[in-house]
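Single-letter residue listing:
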Amino acid sequence: MTISHAPSADGVWHHCHLLPEPGQDTALRDGAIVVADGRIVWLGTHAALPDTYRHLPRHDAGGAWITPGLVDCHTHLVYGGQRADEFAMRLAGASYEEIARAGGGIVSTVRATREADEDTLFAQAAGRLRPLLAEGVTAIEIKSGYGLSLDAERKQLRVARRLGTAFGVTVHTTFLGAHALPPEYAGRADDYIDLVCDTMLPALAGEGLVDAVDAFCEGIGFSPAQTRRVFEAAARHGLPVKLHAEQLSNLGGAALAASHQALSADHLEHLDEAGVRAMAAAGTVAVLLPGAYYFLRDTHLPPLALLREHGVRIALATDHNPGTSPTTSLLLMMNMACTLFRMTVPEVLAGVTTHAAHALGAADRHGTLAAGRVADFVLWQVATPAELAYWFGRNPCAAVVRQGRIYPTETGAGAKA
Ligand code: NIG
Ligand code: FE
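Residues numbered from 1 in each chain as written. Chains lettered and ligands numbered in written order. Predicted model: local features only at pLDDT ≥ 70, side-chain atom pairs only at ≥ 80, totals over all residues. Heavy atoms only, no water.

Looking up the protein in an unreviewed UniProt entry gives the name Imidazolonepropionase, with the organism given as Cupriavidus campinensis. Under Subcellular location (unreviewed entry), UniProt gives the following word-for-word description of the protein: "Cytoplasm". What the UniProt record of the protein gives under Pathway (unreviewed entry) is the line "Amino-acid degradation; L-histidine degradation into L-glutamate; N-formimidoyl-L-glutamate from L-histidine: step 3/3." (UniProt positions renumbered as here; feature names shortened; annotations may be inferred.)

Further remarks concern the layout of surface pockets. Estimates place the volume of the second largest pocket at around 320 Å³. Residue lining of the second largest pocket: 18 residues in total, with Ala100, Val107, Ala180, Leu181 and Ile220 positioned closest to the centre. Of all elements in the fold, only helix 2 (96–101) and helix 3 (106–115) reach the threshold of two or more residues within the lining of the second largest pocket. No other element matches the three residues that helix 2 contributes to the lining of the second largest pocket. Here the lining of the second largest pocket is composed, by residue class, of 12 nonpolar, five polar and one charged. (1 Å grid on protein atoms, 1.4 Å probe; cavity = no way out; pocket = protein on both sides within 12 Å on 5 of 7 lines; lining within 4 Å. Points joined across faces, edges and corners; volume = space filled by probe spheres on them. Helix = DSSP H or I, 4+ residues; strand = E, 2+ residues; numbered from the N terminus. Nonpolar A, V, L, I, M, F, W, Y, C, P; charged D, E, K, R; others polar.)

Time to look at the UniProt feature "binding site: N-formimidoyl-L-glutamate" (unreviewed entry) in the protein. Using the residue numbers shown here, the UniProt feature "binding site: N-formimidoyl-L-glutamate" (unreviewed entry) corresponds to Tyr146, Asn321 and Gly323. On the basis of their most widely separated C-alpha atoms, the annotated residues across 178 residues gather in one place, lying no more than 11.4 Å apart. Cross-referencing the annotated residues with the largest cavity identifies Tyr146 and Asn321 as lining it. Within the fold, asparagine 321 resides in the loop between strand 12 (314–316) and helix 12 (330–341).

What follows covers the packing of aromatic side chains. Counted under the stated rule, the structure contains seven aromatic pairs. Note on tyrosine 293 and phenylalanine 341: the rings are 5.1 Å apart at their centroids and 80° apart in plane angle, and the pair reads as edge-to-face. Of the two residues, tyrosine 293 sits in helix 10 (residues 290–295) while phenylalanine 341 sits in helix 12, which places them 48 residues apart along the sequence. Three or more aromatic residues link up through ring pairs in this structure, and these residues are Tyr185, Tyr192 and Phe222. If you follow arginine 128 out to its NZ or CZ, it ends over the ring of tyrosine 79, 3.7 Å from the centre. Note that arginine 402 overlies the ring of tyrosine 407, its terminal NZ or CZ placed 3.9 Å from the centroid. (Phe/Tyr/Trp six-rings, centres within 6.5 Å; stacked < 30°, edge-to-face > 60°. Lys NZ or Arg CZ within 6 Å of the ring centre and 35° of its normal.)

Structure representation (structure tokens):
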């Protein structure tokens, strides 16, 4: 359903249970939510609904559990093509790093992204966004990083912004110019970082296309010294940073990110205790990406016990990308985080809501249900919220309220609006 056809969510939502802060013990049985002008103006138990709201139009939620809209805080949703043949090569024995060093991997998606025009990229990304929205995602981060030239990075970021407008979903854009070395800069990584810092970032930030800055700090990506230069450039533009860190090896990227007050450090399979301590001190969120862990058949688990011990917020995301995580299901990531990482149900519920909102620097707007916020929430046809982590490959979402409009989902029972 397009934004212009979606009905308004204004009125009183009743016949529902509320989970205002997923992962916390704050469930409200027999709740109600009042929406006016697209914003939540009141929520509580139905019995406590103030008289002033009783005359408003009613939306029967059919006994659903209502959570805040889900937040997918790490995606590479906009790119050309796909990499199924590379998957086949890996199954035949080649490693992700070998493929990257042989000119495949990220760089092959760069070729396809450069060749595609903006409308083609939009149509392809829209096809991947729809299933995420149908599972209750109401805010999503989208990175560039498959263009690796000013024009091609701009094209990706413009498409990301267009998706937000077209689908009425909150999009946070992240400039990931330092994702891989483009072929024309082979052997000149520092010169490419000059381009990223001195040309690409100033231009794209000036055009309002950048909400945060990211880099891939890795043996097949960029060094800590190069990453630091990207972070310093971000600071000159007043932009927050985040980092692909400690995915394949430990280069101390998470601690580096924390020293720049990063919103998040992501992946983290090889994170050590010094990195965990630095993240805890800086309030940097750990974004874990079970899809990439699974798809690369990784066996090195992120240090869950240390993250818990030091009180680091843990978020989950799809990391949707064509090379290491071609998934369009955040619910599946919740299930995988439980089975593969041994995370608990409260942890994964917080991981796709409150903690993911922190990873975007948007915890004041997303991730919890509260009066005053834009109406972004999800109706789930479940008996208990644990079902969100329990099913895999099944979507119990009945309807989504996104930016104050109602989107029934095809798979769900639908709200009686
Ligand atoms: O988050 N690690 C780097 N970036 C992506 C993979 C990109 C690709 O292989 O195309 C990730 O896993
Ligand atoms: Fe990623």
